[in-house]
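# Fold and geometry: a report
The lines below spell out each chain.
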Amino acid sequence: MTPHVVPDPQAGAAVKAADRAHVFHSWSAQGLIDPLAVAGAEGSYFWDYDGNRYLDFTSGLVYTNIGYQHPKVVAAIQEQAAKLATFAPAFAVDVRSEAARLIAERTPGDLDKIFFTNGGAEAVENAVRMARLHTGRHKVLSAFRSYHGATSTAINLTGDPRRWASDTGSAGVVRFWAPFLYRSPFYAETEQQECERALAHLEDTIAFEGPGTIAAIILETIPGTAGIMTPPPGYLTGVREICDKYGIVFVLDEVMAGFGRTGKWFAAEHFDVVPDLMTFAKGVNSGYVPLGGVAISERIAATFETRPYPGGLTYSGHPLACAAAVATIQVMDDEKVVENAARIGEQVLGPGLRELAERHPSVGEVRGTGVFWALDLVRNKETREPLVPYNASGEANAPMAAFGAAAKKNGLWPFVNMNRTHAVPACNVTDDEVKEGLAALDAALTVADEHTV
């Protein structure tokens, strides 16, 4: 029982009834879902109206990087609402300028201009538009194992099955295989082989598509929803070199990996690579008010110095969202949140997950950094057969459903996608909270173990 709320099942039932009557949920068959009614949240936890408390190992949708209800960010939003709750994006507003300055200080290289959006998908939409206008080309290359958002261009760039129902097949998108040694499409046996063969495959794809037709290559620096596959050393540097060779704009999607998630302000810092455009959202203000954006290099920004950029949003750089971003970045600095994420990954979460893998036959691989980890669950460690088939649903997905239910029974809200569970707690998670989560995962994995051979 959580001390933060007195159980009120009747109130919870009313919330659930209103939801079921009027809310249309994303990515769902509306009649087959049963959303949990949430009564409140604080730090790394949230709770329902029955008094059940859950340790959130999803960080919302991997965005509450400083946890729920941080008092300094809540206060900043309140203060901004009292001062200037909203203003049109064409004006210079102090909090908007300050948010842009703080972000630009932390982006790598010369990514010093910030175009604000309402979220990550819109950031991708605008980054691709900028690349196409800058180059005068149309095609964009993206990886099969990827997720870039649910708006028109972003969903076509996405590699996972959520794209299929909306795939126009004519959006100028070409997909390629990015490196993933554990399930290598290149029959590689080492990271060096995987890197070399993945880069050769990418350059072959460019050659056959026509280098002069390709505006951009977009990659998640470390793919998130698709499986948290850290690229091998040299890969992103190699992509940067290929882009330079053919005059292609290099876009890094840091919507999920940015703002401390990997133990750096941006994951690109791990690889010493600077893209031409970088998208961000989520952790920029821990999702307290919707905000995203594109960090733009000097070269791309120069294209629109005297030529109007044909794009914009009514709420671009919304003062409440920017106030939340300023406060979040200040909290991350003051409380050393990025450093905590790095330490947790190196000393607590990473070692703990690897120890689980040694004891559970259902864990095929552990991969990640900072507070950005995935467990690849398998039926057989030798064959690496996934615990459930690709894009499984219904009875075929029963083993993962049972795993998820077991985690929740033990007070852990898990991130489950296909045959994986991701361990993505808040960046300011404590050692004790991580150990609590590992214990719950340990119990849930015994359920997954029952489906191994």
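Residues numbered from 1 in each chain as written. Predicted model: local features only at pLDDT ≥ 70, side-chain atom pairs only at ≥ 80, totals over all residues. Heavy atoms only, no water.

Moving on to the packing of helix H7 (residues 191-209) against helix H8 (residues 235-246). Between H7 and H8, the shortest axis-to-axis distance is 10 Å and the interhelical angle comes to 25°. Classified by the interaxial angle, the pair formed by H7 and H8 is roughly parallel. Considering how the two elements wind past one another, H7 and H8 form a crossing that is right-handed. Between H7, through Cys-195, Ala-198, Leu-199, Leu-202, Glu-203 and Ile-206, and H8, the contact on the second element is made entirely by Tyr-235, Gly-238, Val-239, Ile-242, Lys-245 and Tyr-246. Here the contact of H7 with H8 is composed, by residue class, of nine nonpolar, one polar and two charged. (Axes fitted to C-alpha atoms, helices over the stretch in contact; angles between N-to-C directions. Helix = DSSP H or I, 4+ residues; strand = E, 2+ residues; numbered from the N terminus. Parallel < 35°, antiparallel > 145°, perpendicular 65-115°, else oblique. Left-handed = near helix turned anticlockwise from the far one by under 90°. Contact = heavy atoms within 4.5 Å. Nonpolar A, V, L, I, M, F, W, Y, C, P; charged D, E, K, R; others polar.)

Let's shift gears to the packing of helix H12 (residues 398-409) against helix H13 (residues 431-449). At a minimum axis separation of 8 Å, H12 and H13 run at an interaxial angle of 155°. As summarised for this structure, H12 and H13 are arranged roughly antiparallel, according to the angle between their axes. The handedness of the crossing between H12 and H13 is right-handed. On H13, the residues that touch Ala-402, Phe-403, Ala-406 and Ala-407 of H12 are Leu-441, Ala-444, Leu-445, Val-447 and Ala-448. A breakdown of the residues in the contact of H12 with H13 according to their chemical character gives nine nonpolar, no polar and no charged.

Bringing the sheet that holds strand S3 (residues 53-56) into the picture now. The strand order across the open sheet built from four strands is S1-S2-S3-S14, with neighbouring strands paired in mixed fashion. The open sheet has two edge strands, strand S1 (38-42) and strand S14 (412-413), and neither has a second partner. Alignment of S3 against S14, held across two bridges, turns out to be parallel. Of the residues in S14, the one forming a bridge with Asp-56 is Trp-413. (Pairing = 2+ DSSP bridges.)

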